[in-house]
Amino acid sequence: MLVFSGCSIMCVASAVDPLRAANRVSGETLFDWKLVSMDGAPPVTTSGLPVAVGGKFDPGEKTDVLAIIGGFGTRMQGTPALLAGLRRVARSARAVGGIEAGTWLVGRAGLLEGRSATTHWEDMEISPPPSRAWMCGRTATSSTGRSSPPAAPHPPST
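Residues numbered from 1 in each chain as written. Predicted model: local features only at pLDDT ≥ 70, side-chain atom pairs only at ≥ 80, totals over all residues. Heavy atoms only, no water.

### Details of the side chain of Thr-45
In this structure, Thr-45 sits in the loop between α1 (9-26) and β2 (65-70). Judged by its relative accessible area of 4%, Thr-45 falls in the buried class. Here the side chain of Thr-45 touches Ser-47 through a polar contact of 3.0 Å, side chain to side chain. Within the structure, the side chain of Thr-45 is placed 2.9 Å from the backbone oxygen of Leu-49, a separation counted as a polar contact. Non-local contacts of Thr-45, meaning those with residues more than four positions away in its chain, are made with Gly-6, Cys-7, Ser-8, Ile-9 and Val-51. (Helix = DSSP H or I, 4+ residues; strand = E, 2+ residues; numbered from the N terminus. Buried < 20%, exposed > 50% of the residue type's maximum accessible area, 1.4 Å probe, protein only. Polar contact = N/O pair within 3.5 Å; in protein donor to acceptor, adjacent residues only side chain to side chain. Contact = heavy atoms within 4.5 Å.)

The structure is reproduced here in structure tokens:
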């Protein structure tokens with residue numbers, strides 16, 4: 001999971017804790033995860049709490065599913081290098097998805113073309129608003145925030 005400063009701690013917890021709970025209830029490791037940031041430093045959430053990460057985002061690292069957890073300002077962090085990295089991950093991952101404002105980066109990387117998606121409701125204040133809708137599909141998904149991330153690790157059924 002790629003975590004950006006400015007995200008909600010609830011989104012991070014809602015993405016990770018259902019995986020932890022599934023492992024505990026099943027008595028086996030069904031899911032494993034790694035939290036990373038762009039530079040390896042702990043991203044700071046909107047509540048001021050830092051998120052411990054296990055390193056820096058590496059597009060060359062084997063990834064089954066990449067969830068991008070963004071927040072305020074994340075949509076402006078789509079550097080050419082980051083967007084190319086997301087496209088590289090998407091070529092081999094089962095799914096790439098955005099949680100909260102992480103959807104902006106998934107879309108800017110071109111991974112939601114011809115699909116619809118959602119983003120955090122506060123992004124609707126952005127002017128101009130997105131010019132077209134994206135649709136969820138086999139390899140890309142999105143979530144509006146803390147209530148939906150448990151679905152993010154699983155590719156949508158089609």
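### Let's talk about the layout of surface pockets
Here the largest pocket is characterised by a volume of approximately 530 Å³. What lines the largest pocket is a set of 20 residues, among which Asp-32, Trp-33, Thr-63, Asp-64 and Val-65 lie closest to the centre. Of all the elements, β2 adds the most residues to the lining of the largest pocket, at three residues. Looking at the lining of the largest pocket residue by residue, the class counts come to eleven nonpolar, two polar and seven charged. (1 Å grid on protein atoms, 1.4 Å probe; cavity = no way out; pocket = protein on both sides within 12 Å on 5 of 7 lines; lining within 4 Å. Points joined across faces, edges and corners; volume = space filled by probe spheres on them. Nonpolar A, V, L, I, M, F, W, Y, C, P; charged D, E, K, R; others polar.)

### Thoughts on α1
The end-to-end C-alpha separation of α1 is 26 Å, in line with the 26 Å expected for 18 residues at 1.5 Å each. Roughly 25 degrees is the biggest bend found in α1, and it falls at Val-16, with proline Pro-18 one to four residues downstream. Along α1, the residues classified as buried are Cys-11, Val-12, Ser-14, Ala-15, Val-16, Leu-19 and Asn-23. Looking at the buried positions of α1, the neighbouring elements they touch are β1 (2-3), β2 and β3 (95-100). Between the side-chain oxygen of the N-cap and the backbone nitrogen of Met-10 there are 3.1 Å, and the N-cap of α1 in question is Ser-8. Directly after α1, the chain includes Gly-27, whose backbone phi takes a positive value near 80 degrees. (Expected span 1.5 Å × (residues − 1). Bend = angle between axes of the 7 residues up to and from the residue.)

### Structural notes on unusual backbone geometry
Residues other than glycine seldom take positive phi values, yet Glu-100 does so here, at roughly 60 degrees. Within the secondary structure layout, Glu-100 lies in strand β3.

### Examining the pattern of salt bridges
Within the structure shown, the criterion is met by three salt bridges. In this structure, Asp-64 engages Arg-94 in a salt bridge whose closest nitrogen and oxygen atoms are separated by 3.4 Å. Remark: Arg-94 occurs in the loop between α2 (80-92) and β3 and Asp-64 occurs in the loop between α1 and β2; sequence separation between them is 30 residues. With relative accessibility at 44%, the residue Asp-64 sits in the partly exposed group. (Salt bridge = Lys/Arg side-chain N within 4 Å of Asp/Glu carboxyl O.)

### Points about the pairing of β2
Of all the six residues making up β2, five are buried; the element is thus mostly covered by neighbouring parts of the structure. Pairing of β1 with β2 involves two bridges; the strand directions are parallel. Bridge pairing links Val-3 to Ile-69 in β2. Crossover β1 to β2 through α1 is left-handed. Bridge count for β2 against β3 is six bridges, and the pairing is parallel. Residue pairing across strands places Ala-67 opposite Gly-97, the latter belonging to β3. Regarding topology, α2 serves as the crossover connection from β2 to the parallel β3, and that connection is right-handed. (Pairing = 2+ DSSP bridges. Right-handed = clockwise from strand over helix to strand, strands pointing away.)

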